[in-house]
Every structure is written in C-alpha cells, then in structure tokens.
Amino acid sequence: MEKVIIVGSGCAGLTAAIYAARANLSPLVLEGRQPGGQLSTTTLVENYPGFPDGIDGPELILNMHRQAEKFGARFSYAEVTDFDASNKHVRIEADDEWLETQALIIASGASARYLGLENEQKLIGHGLTSCATCDGAFYKNVPVCVVGGGDSAAEESLFLTRFASKVYLIHRRDKMRASAIMQERVFANKKIEPIWNTVVTEYILDEKGEMRAVRLRNVKTNEERELVVACVFMAIGHDPNSRPYRGKLDMDGEGYLITKNLVESKHPGVFVAGDVADRVYKQAVTAAGSGCAAAIDAEKYLRELEH
Ligand code: NAP
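Reference entry: report on the structure contained in this document. Remember, predicted model here, so these are calculated numbers, not experimental data.

### What about the overall build of the protein?
Inference 1: Across its full length, the protein holds 7 helices and 19 strands.
Inference 2: In terms of overall size, the protein behaves like a compact globule, its C-alpha atoms giving a radius of gyration of 21 Å where 307 residues would be expected to give roughly 19 Å.
Inference 3: A principal-axis box enclosing the C-alpha atoms of the protein has dimensions of 70 × 40 × 35 Å.
Inference 4: Burial analysis of the protein (307 residues in total) assigns 48% to the buried set.
Inference 5: The contacts in the protein between residues at least 6 apart in sequence include a share of 60% that link residues at least 24 apart.
Inference 6: Element-wise, carbon and sulfur atoms account for 47% of the exposed surface of the protein, whose accessible area totals about 15500 Å².

### Brief notes about the packing of helix α1 (residues 11-22) against helix α7 (residues 284-306)
Inference 1: Two elements in contact, α1 and α7, have axes whose closest approach is 7 Å; the angle formed by their N-to-C orientations is 35°. Seen along the crossing, α1 lies across α7 with a hand that is right-handed. Only Ala284, Ala287, Ala288, Gly291, Cys292, Ala295 and Ile296 of α7 make contact with α1, whose side of the interface consists of Cys11, Ala12, Thr15, Ala16, Tyr19 and Ala20.
Inference 2: Here the residues of the contact of α1 with α7 sort into 11 nonpolar, 2 polar and no charged.

### Observations regarding helix α5 (residues 151-160)
Inference 1: Counting buried positions along α5 gives 7 out of 10 residues, so the element sits mostly inside the fold.
Inference 2: Buried within α5 are the following residues: Ala153, Ala154, Glu156, Ser157, Leu158, Phe159 and Leu160.
Inference 3: The secondary structure elements touched by the buried residues of α5 are α4 (132-135), β11 (143-147), β12 (166-170), α6 (180-188), β13 (192-195) and β17 (231-234).

### Considering the state of the cysteines
Inference 1: Within this structure, the stated rule accounts for 1 disulfide.
Inference 2: Covalently, Cys131 is tied to Cys134 through a disulfide, its sulfur atoms 1.9 Å apart. The S-S bond linking Cys131 to Cys134 shows a torsion near 75°; that makes this disulfide right-handed.
Inference 3: Residue classification places Cys131 among the buried positions, given a relative accessible area of 6%.
Inference 4: Among the residues examined, Cys134 registers a relative accessible area of 43% and is labelled partly exposed.
Inference 5: You can see Cys145 has no disulfide; the closest cysteine sulfur is in Cys231, sitting 7.9 Å from it.
Inference 6: The exposure class assigned to Cys145 is buried, which follows from its relative accessible area of 0%.
Inference 7: When its relative accessible area of 0% is taken as the criterion, Cys231 is described as buried.

### What about unusual backbone geometry?
Inference 1: In this structure, Asn24 takes a positive phi of about 65° despite not being glycine.
Inference 2: Checked against the element boundaries, Asn24 lands in the loop between α1 and β2 (28-30).
Inference 3: Classification of Asn24 by relative accessible area gives exposed; the value is 67%.
Inference 4: In the Ramachandran plot, Asp96 falls in the positive-phi region, its phi being about 65° despite a non-glycine side chain.
Inference 5: Residue placement: Asp96 occurs in the loop between β7 (90-94) and β8 (97-106).
Inference 6: Classification of Asp96 as exposed rests on a relative accessible area of 73%.

### A look at the sheet that holds β12
Inference 1: What the 5 strands build is an open sheet, ordered β10-β17-β11-β12-β13; its pairing is parallel. Whereas interior strands pair on both sides, the edge strands pair on one side only; in this sheet they are β10 (128-129) and β13.
Inference 2: Bridging between β11 and β12 involves 5 bridges; their strand directions are parallel. Its bridge partner lying in β12, Val146 is registered against Leu169.
Inference 3: Running at roughly 170° to β11, α5 makes contact with β11, β12, β13 and β17 of the sheet.

### Regarding the site of the ligand
Inference 1: In the region of the ligand, 20 residues are neighbours, and Asn47, Asp151, Ser152, Arg173 and Arg177 sit closest.
Inference 2: Arg177 is positioned with one of its side-chain polar atoms (N or O) 2.7 Å from an oxygen atom of the ligand.
Inference 3: Gln283 places a side-chain nitrogen or oxygen 3.2 Å from an oxygen atom of the ligand.
Inference 4: Here the ligand loses 77% of its free accessible area of 910 Å² to cover by the protein chains.
Inference 5: For the shell around the ligand, the leading source of residues is α5, giving 3 residues.
Inference 6: Taken together, the residues of the shell around the ligand break down into 4 nonpolar, 9 polar and 7 charged.
Inference 7: Counting contributing residues per domain, the shell around the ligand is built from domain 1 (2-111 + 239-306) and domain 2 (114-234), each supplying no fewer than three.

### Notes on the sheet that holds strand β15 (residues 211-218)
Inference 1: Pairing within the open sheet is antiparallel, and its 3 strands lie in the order β14-β15-β16. The strands lining the two open edges of the sheet, one partner per strand, are β14 (198-205) and β16 (224-228). Adjacent strand axes in the sheet meet at a mean angle of 30°, parallel and antiparallel pairs treated alike.
Inference 2: With 5 bridges connecting them, β15 and β16 associate as antiparallel partners. Of the residues in β16, the one forming a bridge with Val214 is Leu227.

Procedures and definitions
Residues numbered from 1 in each chain as written. Predicted model: local features only at pLDDT ≥ 70, side-chain atom pairs only at ≥ 80, totals over all residues. Heavy atoms only, no water. Helix = DSSP H or I, 4+ residues; strand = E, 2+ residues; numbered from the N terminus. Rg over C-alpha atoms; globule rule 2.2 N^0.38 Å. Buried < 20%, exposed > 50% of the residue type's maximum accessible area, 1.4 Å probe, protein only. Contact = heavy atoms within 4.5 Å. Areas by Shrake-Rupley, 256 points an atom, 1.4 Å probe, with all protein chains shown as cover. Axes fitted to C-alpha atoms, helices over the stretch in contact; angles between N-to-C directions. Left-handed = near helix turned anticlockwise from the far one by under 90°. Nonpolar A, V, L, I, M, F, W, Y, C, P; charged D, E, K, R; others polar. Disulfide = S-S within 2.5 Å. Pairing = 2+ DSSP bridges. Near = heavy atom within 4 Å. Polar contact = N/O pair within 3.5 Å; in protein donor to acceptor, adjacent residues only side chain to side chain. Domains from an automatic or database assignment.

Below, the structure is given as structure tokens:
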C-alpha cells in the first residue's frame with residue numbers, strides 16, 4: 001500500500017513529487033515511457049519565472065527530478081493502463097501490476113496530436129515527428145515544414161532554421177495564434193516561409209518509405225499542390241492522456257479531466273494536476289502550480305484519513 005502515487009513526471013508531476021516528498025510521504029512517481037513530459041522535448045523556456053536568460057526545457061525538468069529525488073521521491077518507468085476507485089483505496093494498473101494507494105495524483109499531461117492521415121503511424125520517426133528538439137538536427141540543408149499556428153509551431157520553426165535550408169510554416173488560417181513576440185520572430189526570419197489557409201492532405205513517400213513531400217490544399221481556393229520536404233514537424237496541439245480514467249472520472253468531450261476546487265476529482269483521495277485537466281492555460285508554470293496544490297491537498301486528505 002502506497003501513501004501517494006503520482007502519475008506523470010512532467011512539470012506538474014514533479015512539482016507534486018517535490019511537495020509530497022517534503023511532507024515525508026515518500027511518493028512513488030510513475031513516469032511512463034516518455035519521462036519528463038512536454039518540457040523534455042522543448043528548447044529554451046523563456047517564461048518560467050526565475051530564469052531571466054531562459055533555461056533549456058530538459059535541464060529544467062532534470063533539475064525538478066533531482067529536487068524531488070533529493071527529498072525522497074521514488075521513480076518507476078511503469079505506464080498506467082487502468083484505474084479502479086470502486087473500493088476504499090484507489091488502485092491503478094501499471095505494467096500489468098495493480099498498485100494500491102491511499103492518495104493518487106494524476107498528472108499524466110497531454111500528447112502531441114497528429115492529423116490522422118494515411119501512413120501516419122509508420123512515418124513517425126521517418127520524416128514525421130512532433131519534436132524539433134529531438135529530430136531537427138537530422139535535417140541539415142534540406143527543406144522541412146511545420147504544421148500549426150500556435151506558440152509550438154512558431155518555436156519549432158525558429159529552432160529548425162538552425163539546420164534546414166528552408167522552413168515552410170503551414171497553417172490552416174491566415175493568422176497565427178502564437179504570442180506576439182513569437183510571431184514577430186517568425187516573420188523576421190528569412191528562412192521561414194508561411195503558407196496560409198492551407199492543410200496537409202497526404203504524405204508522399206519515397207521508395208524507402210520515408211517522407212518525400214506533402215500534398216497541400218488551399219482551403220479558400222481548393223487548389224492542390226505538392227511541396228517537397230524531408231520532414232514534417234507536427235505542432236497542432238495536444239490531447240490529454242486520460243484514457244485509463246475514461247468512464248470512471250469526469251471528463252469533457254475532448255478527454256480533459258474535470259476538477260472542482262482546482263485539483264479535486266469526484267473521488268476522495270484522487271487529485272488531478274497539469275495539462276491533463278487544463279484546456280486553457282497549458283503553461284509550465286500553471287502545471288507546476290497545480291502540481292503543488294494537488295500535493296498539498298493530498299497531504300491534507302491523508303492527515304484527515306489518519307484522524
Ligand atoms: P495551440 O496553441 O493549441 O495551437 C495549435 C495550432 O494548431 C493552432 O494554430 C491550430 O489552428 C492548429 N491546429 C489544431 N488542429 C489542427 C488540425 N487538425 N489541422 C491543422 N491545424 C490544426 O497548441 P501549441 O502551439 O502546442 O500550444 C499549446 C499551449 O502551450 C499554448 O497555451 C501555448 O501558449 C503554450 N506554449 C507556449 C510556448 C512559449 O511560450 N514559448 C511554447 C509552446 C507552447 P487554429 O489556430 O486555426 O486553431
């Protein structure tokens with residue numbers, strides 16, 4: 001029987017782990033197969049308070065990990081597949097093993113969204129990716145494209161200009177939703193060419209089964225054309241990782257968990273933090289803040305349970 005299990009090791013999960021560990025609860029963090037969450041695949045984080053010169057996402061996450069470990073958090077790469085709160089204690093299934101816990105903090109984050117086109121799954125890692133930091137350096141002096149119009153698309157496009165000969169930014173509308181400062185940087189960079197009002201309708205493969213080009217359709221004129229790119233970087237948002245809780249915890253139509261009082265789920269002892277429940281802010285600092293709140297509330301819940 002665990003006191004506190006934390007699902008997820010991004011900003012929210014690790015902040016919850018720091019607070020729970022400092023409350024002497026020796027939390028068990030189930031990191032899953034992609035530890036570190038979204039910050040581990042990003043570049044410079046310029047808006048996390050306390051770092052006026054910015055800090056690399058992976059470094060920030062590594063620091064949080066070390067900080068949680070220092071106070072006694074334990075870590076496992078196990079991936080959560082099921083959840084049961086029908087009895088007094090909450091149980092979760094991770095890597096075919098059921099674990100029982102007095103309190104659970106779900107901070108499982110969100111995963112990159114893809115378009116759902118033919119050949120998509122087999123192209124991931126072969127000219128299709130959602131992580132410019134991970135894969136950008138493989139595409140030196142060749143044209144690539146980024147799909148999306150948000151901060152991620154802006155950030156990835158700018159990062160890719162270090163390697164690629166040309167970065168096409170393909171967006172379905174004629175205005176980006178990225179923050180003003182990111183838009184300014186994108187438009188000032190000669191290597192980035194925005195392609196407005198346009199969607200990708202097909203991936204075109206070479207004889208090795210890798211990305212050769214994409215078929216584009218202008219949504220205003222319906223005109224189609226082929227664009228030669230060595231890699232497509234997808235930046236069209238994320239879907240919450242809430243599958244194990246489907247039908248058992250309240251969630252909205254898109255799968256975001258619904259909380260009351262910031263981090264409480266409908267089950268006593270089950271708390272929720274970070275992007276898995278955040279369809280609005282999705283920032284590292286808000287994820288960290290809700291992770292902190294979840295750990296404080298979990299500690300309070302356990303204290304009341306004891307009495
Ligand atoms: P986002 O803000 O939700 O933007 C997603 C973009 O993808 C939008 O432009 C959207 O188009 C487009 N899109 C969505 N579904 C699509 C589809 N099926 N086909 C084509 N295009 C599609 O996601 P994000 O850029 O990942 O950012 C998420 C959050 O993280 C935001 O709050 C952002 O501010 C934050 N973030 C911040 C930074 C930073 O501060 N440097 C960096 C990265 C992320 P529409 O515009 O037409 O909806």
